[in-house]
Amino acid sequence: MALMGGFFNRGGDGDGGSPKPKRTPLQRLMYWGMVLGVWGLIFLVVFFAVFARDLPDTSTLYNVDRQPSITYLDRNGALIAVRGTQQAPPADLSSLPDYVPAAFIAIEDRRFYHHPGFDPIGMSRAMVSNMRAGRVVQGGSTLTQQLAKNLFLSPDQNMKRKVQELMLAVWLEMKFSKDEILALYLNRVYFGAGAYGIEAASQRYFDKSAKELTVGEAALLAGLLKAPSRYSPVSESERAATRATVVLNEMVDAGVITPEQRAQAVTEPVRVSRTLASQHAQYFIDWLDKQIRELVGEPTEDMIVETTLDLTLQTSAERSVRRILDRDRSKGVQQAALVAVDGDGRVRAMIGGASYADSQFNRATDAKRQAGSAFKPFVYLTALESGFTPETRVNDAPIKIGNWSPKNYSGGFAGEMTLSQAVAQSINTVAAGMADQVGRDNVARTARRLGITSRIGLEPAMALGAVEVSPIEMAQAYAAFANGGKRVKAYGISRIRTPQGRVVYQKAARADGPLQAISNPYLFYQNQMLRGVITSGTGRSAAIPGRDIAGKTGTTSDYKDAWFVGYTGGFATAVWVGKDDNTPMRGVTGGSSPAAIWRGFMEAALPRLNAPAIPNGPPMPEGWQPPNPVESLIGQIGDLFGDNPPAEGPTDPLDEGLIDPPPAQRPIAPDRDRPPAPQPQQPVVRPTQPQPPRPEPAQPGPPTEKKGDPLFF
């Protein structure tokens, strides 16, 4: 009792006795320990009461709530992608090779079998690393915490979610064994490309069961979990290989595999399933995703979408784009887009950017960039339909339209030449003067008639390509030159069905086919002039020996945009390069990087397509004579086509709301496609009336190239 009195009574007794002795250090420690313990207990009760109040219902542990999946197939039935949730039957942990689960433990949670659901050592290490870096560079979550997050919580990064994650991790450790937790983790975690669980991922990436995975394949899948899109072997093969090497090193350090096994895994190539497209096809899938919901509504069941894409051509396009982007990076070429369509409008290949993992913005369909001289064919087709011919004499000389005087890149002028030569050399003064003479509103109608859907301004600079368009618009518009003059609309969906075979949507096959948008001899003349761009003009670098090729280069002010749009019989491809911030490249013209991408793609594609020569189109009118352009302009104001319309059959009405009236005149930098030229002469236009020349037959193309497979395909 004396001890207790000394411990709790701090004052002296009331009768003047001697004061009680002070507490010893041990007594003070015990006292304050009891106080802190009581308050700590109160804090923990309140803390867990607050954070546990809205914990998710753990009874849903075994429920799988998945969205319907959409499987995309290419035109030959090969798998392109799966969107939505795809899950395979759960893998039995005991049936997997020991190194498969060990790979995940080695890279994600080395002390998995020794902690109670959270790892104080790992959390402290991550905290120190993040404080030193000033940002989050390392995580301290265990496999159990990751499983708790995947099963029950949202991906939000906040303190409340982290506390709840820790609480649920402890609950999982109390309810399940370590092997059961590991099995749940491997069967629920997301591996990218729509695959949930180790079995679905193994089948998706390697076309095999998880129990057949090699050491290298297991390391690759384990490396995916840090960021499935960034380290995907489909979209980022080099990053995936580097990450897999890190996992192999961790496996050696953890004693999971021997150094000899690691060396063998590094030298043995890891092959990703050939039925998977690389990252760039994801731009195509994004484009279709919106259309599917317009066609069939929000999916309520699994669907299979049969597309027009050709994976072999897509791979060729990706290789060509990647090669030129790498080659011309020093010139400021940062982004590229490519769209290839056949004569019916089927999109056979689409590249929407340099890297889908870095940017999902689809530059092939959503970006609007100035077309430059690639827009001039619409000017010249309008001129042909107004009575001019390729042999009409024109003059490259100074010209003034209102307050605007277009210039050539060289600053000089070439003098008198044929219209065909003006097209081949991309003469600015001739194009501007021709558009002013035949009517810029008629040029806009021609562009709209062929498939340009973007808004078209009517200022004089429109003739030189001061019109913002997308690559897919240019591809579908040029397709009319390639298929005999028929207008097409680019599309990518052939059919949508359920896995059981029920057809939900079928692309309608119109009995009359595409609308005839260009009649003869205008189409024949146009193709002859655009062939000249390749044989003797600004597009010479795109020429492919033995192939009937036509097209047009385009380069805008200060080298901000560069285009090449070309075609052969029944197949057209548009290529654009530039920067997202619209800053200039360094001397990149349409005849350089875009033409190189175009040629690289077409050289690989043409043997597979077995493309014919460019068709002549509809028959020439019997006894046809070209109309006098002056009489046509005077007698048919507002309708230059008169009694001899350019199209046989119905055409789509022009949306006048998409044609802008001309604003105040403003200067525009000259076109860059054309080389330097001599001094000026006075402009002269003398229409002539020669008979249409006969086309030259195309020569057989080169044999198909065979290339070795890369490490990741």
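See the structure printed just above.
Residues numbered from 1 in each chain as written. Predicted model: local features only at pLDDT ≥ 70, side-chain atom pairs only at ≥ 80, totals over all residues. Heavy atoms only, no water.

## Quick word on the overall build of the protein chain
Inference 1: If you tally the helices and strands in the protein chain, you get 21 helices and 20 strands.
Inference 2: A total of 713 residues make up the protein chain; the buried ones form 51% of that total.
Inference 3: A sequence separation of at least 24 residues applies to 75% of the contacts in the protein chain between residues at least 6 apart.
Inference 4: In the form shown here, the protein chain has an accessible surface area of approximately 32,600 Å², with 54% of it arising from carbon and sulfur atoms. (Helix = DSSP H or I, 4+ residues; strand = E, 2+ residues; numbered from the N terminus. Buried < 20%, exposed > 50% of the residue type's maximum accessible area, 1.4 Å probe, protein only. Contact = heavy atoms within 4.5 Å. Areas by Shrake-Rupley, 256 points an atom, 1.4 Å probe, with all protein chains shown as cover.)

## Some points on the sheet that holds strand S17 (residues 550-555)
Inference 1: Overall, antiparallel pairing links the 5 strands, which are arranged S7-S6-S19-S18-S17 in an open sheet. In this open sheet, the two edge strands, each paired with only one partner strand, are strand S7 (347-351) and S17. Averaged over all pairs of adjacent strands, the angle between their axes in this sheet comes to 5°, without regard to strand direction.
Inference 2: Pairing of strand S18 (residues 561-568) with strand S19 (residues 571-578) involves 8 bridges; the strand directions are antiparallel. (Pairing = 2+ DSSP bridges. Axes fitted to C-alpha atoms, helices over the stretch in contact; angles between N-to-C directions.)

## Thoughts on helix H19 (residues 522-536)
Inference 1: Taking 1.5 Å per residue as the helical rise, H19 with its 15 residues ought to reach 21 Å, and the 21 Å between its terminal C-alpha atoms agrees with that figure.
Inference 2: Burial of H19 is extensive: 12 of the 15 residues sit out of reach of the surface.
Inference 3: Along H19, the positions that sit buried rather than exposed are Tyr-522, Leu-523, Phe-524, Tyr-525, Gln-526, Asn-527, Met-529, Leu-530, Arg-531, Gly-532, Val-533 and Ile-534.
Inference 4: Contacts made by the buried residues of H19 are with helix H14 (376-385), helix H15 (419-424), helix H18 (471-482), S17 and S18. (Expected span 1.5 Å × (residues − 1).)

## Side note on the nonpolar core
Inference 1: Grouped together as the largest cluster of nonpolar side chains are 88 residues, with contacts concentrated most on Phe-378, Met-474 and Phe-481.
Inference 2: Top element by residues in this core is H18. It accounts for 9 residues.
Inference 3: Non-local contacts of Met-474, meaning those with residues more than four positions away in its chain, are made with Ala-371, Ala-374, Phe-375, Phe-378, Ile-452, Val-469, Trp-563, Val-565 and Ala-574.
Inference 4: Core analysis: the next-biggest nonpolar cluster, separate from the first, contains 50 residues, Leu-93, Leu-96, Leu-182 and Leu-221 among them. (Core = buried A, V, L, I, M, F, W, Y, C linked by side-chain atoms within 4.5 Å.)

## With respect to the pairing of strand S5 (residues 303-307)
Inference 1: For S5, a buried count of 5 out of 5 residues is recorded, marking the element as mostly surrounded by other parts of the structure.
Inference 2: Of the two faces of S5, the one lined by Met-303, Val-305 and Thr-307 and the one lined by Ile-304 and Glu-306 are each fully buried.
Inference 3: Alignment of S5 against strand S14 (residues 493-497), held across 4 bridges, turns out to be antiparallel. By the bridge assignment for S14, Val-305 is matched with Ile-496.

## Quick look at the pattern of salt bridges
Oppositely charged side chains can form a pair if their charged atoms are brought close together.
Inference 1: The full count for this structure, using the stated rule, is 24 salt bridges.
Inference 2: For Lys-178, the salt bridge is made with Glu-173, and the minimal N-O distance between the two is 2.8 Å.
Inference 3: Looking at Glu-173, the relative accessible area reads 15%, which means it is buried.
Inference 4: A salt bridge links Arg-239 to Asp-358, with the nearest nitrogen and oxygen atoms 3.8 Å apart. You can see Arg-239 sitting in helix H10 (residues 237-253) and its partner Asp-358 sitting in the loop between S7 and strand S8 (369-370), a full 119 residues away along the chain.
Inference 5: Since its relative accessible area comes to 25%, Arg-239 is described here as partly exposed.
Inference 6: Three or more residues are tied together by salt bridges with common partners; here these are Asp-310, Asp-342, Asp-344, Arg-346, Arg-348 and Arg-608. (Salt bridge = Lys/Arg side-chain N within 4 Å of Asp/Glu carboxyl O.)

## Concerning the pairing of strand S1 (residues 70-73)
In the case of a regular strand, side chains alternate between the two sheet surfaces.
Inference 1: Burial along S1 is two-sided: Ile-70 and Tyr-72 and Thr-71 and Leu-73, pointing in opposite directions, are all buried.
Inference 2: Bridging between S1 and S5 involves 4 bridges; their strand directions are parallel. Following the sheet pairing, Tyr-72 is matched in S5 by Val-305.
Inference 3: Bridging between S1 and strand S2 (residues 79-83) involves 4 bridges; their strand directions are antiparallel. When the sheet's bridge partners are listed, Ile-70 is paired in S2 with Arg-83.

## Remarks on the sheet that holds S5
Inference 1: What the 5 strands build is an open sheet, ordered S2-S1-S5-S14-S15; its pairing is mixed. Edge positions in the open sheet fall to S2 and strand S15 (503-506), since each of these has one partner strand only. This sheet shows a mean twist of 15° between the axes of neighbouring strands, independent of strand direction.

## Quick word on helix H20 (residues 593-609)
Inference 1: Between its first and last C-alpha atoms H20 spans 24 Å; for 17 residues at 1.5 Å apiece the expected length is 24 Å, and the two agree.
Inference 2: Of all bends in H20, the biggest is about 30°, found at Glu-603, and the proline Pro-607 comes one to four residues later.
Inference 3: In terms of burial, H20 is a largely internal element, 12 of the 17 residues being buried.
Inference 4: Among the residues making up H20, those that are buried are Ser-593, Pro-594, Ala-595, Ala-596, Ile-597, Trp-598, Gly-600, Phe-601, Met-602, Ala-605, Leu-606 and Leu-609.
Inference 5: Where H20 is buried, its residues touch helix H13 (311-327), strand S6 (335-342), S7, S18 and S19.
Inference 6: Positive backbone phi, at 55°, marks Asn-610, one or two positions downstream of H20. (Bend = angle between axes of the 7 residues up to and from the residue.)

## Brief notes about the packing of helix H3 (residues 99-108) against helix H9 (residues 215-224)
For any two helices packed against each other, the geometry is given by the interaxial angle and the distance between the axes.
Inference 1: Following both chains from N to C, one finds H3 and H9 inclined at 40°, their axes separated by 9 Å at the closest point. On the basis of the axis angle, H3 is oblique to H9. Two packed elements cross with a definite hand, and for H3 against H9 that hand is right-handed. Between H3 and H9, the contacting residues are Tyr-99, Val-100, Ala-103, Phe-104, Ile-107 and Glu-108 on the first element and Val-215, Ala-218, Leu-221 and Ala-222 on the second. (Parallel < 35°, antiparallel > 145°, perpendicular 65-115°, else oblique. Left-handed = near helix turned anticlockwise from the far one by under 90°.)

## Section: the environment of Leu-79
Inference 1: Its location among the elements puts Leu-79 in strand S2.
Inference 2: For Leu-79, a relative accessible area of 19% puts it in the buried group.
Inference 3: In the structure, Leu-79 is positioned 232 residues away from Leu-311 in sequence and 8.9 Å away in space, judged by C-alpha atoms.

## A short note on a nonpolar patch on the surface
Inference 1: On the surface, Leu-26, Leu-29 and Met-30 cluster together into a nonpolar patch covering about 340 Å² of accessible area.
Inference 2: Residue position: Leu-29 is located in helix H2 (residues 25-52). (Patch = residues over 30% accessible without salt bridge, like charges linked within 9 Å, V, L, I, M, F, W, Y side chains within 5 Å.)

## Thoughts on the packing of aromatic side chains
Inference 1: Counted under the stated rule, the structure contains 14 aromatic pairs.
Inference 2: Here the aromatic rings of Phe-112 and Tyr-113 are separated by 5.0 Å at their centres, their planes lie at 75°, and the arrangement is edge-to-face.
Inference 3: In this structure Tyr-113 comes out as partly exposed when scored by relative accessible area, which is 42%.
Inference 4: Aromatic side chains Phe-284 and Trp-287 sit 6.0 Å apart centroid to centroid with 50° between the ring planes, which places their arrangement in the tilted category. Note that Phe-284 and Trp-287 are positioned in helix H12 (residues 281-296) at a spacing of 3 residues, about one turn of the helix. (Phe/Tyr/Trp six-rings, centres within 6.5 Å; stacked < 30°, edge-to-face > 60°.)

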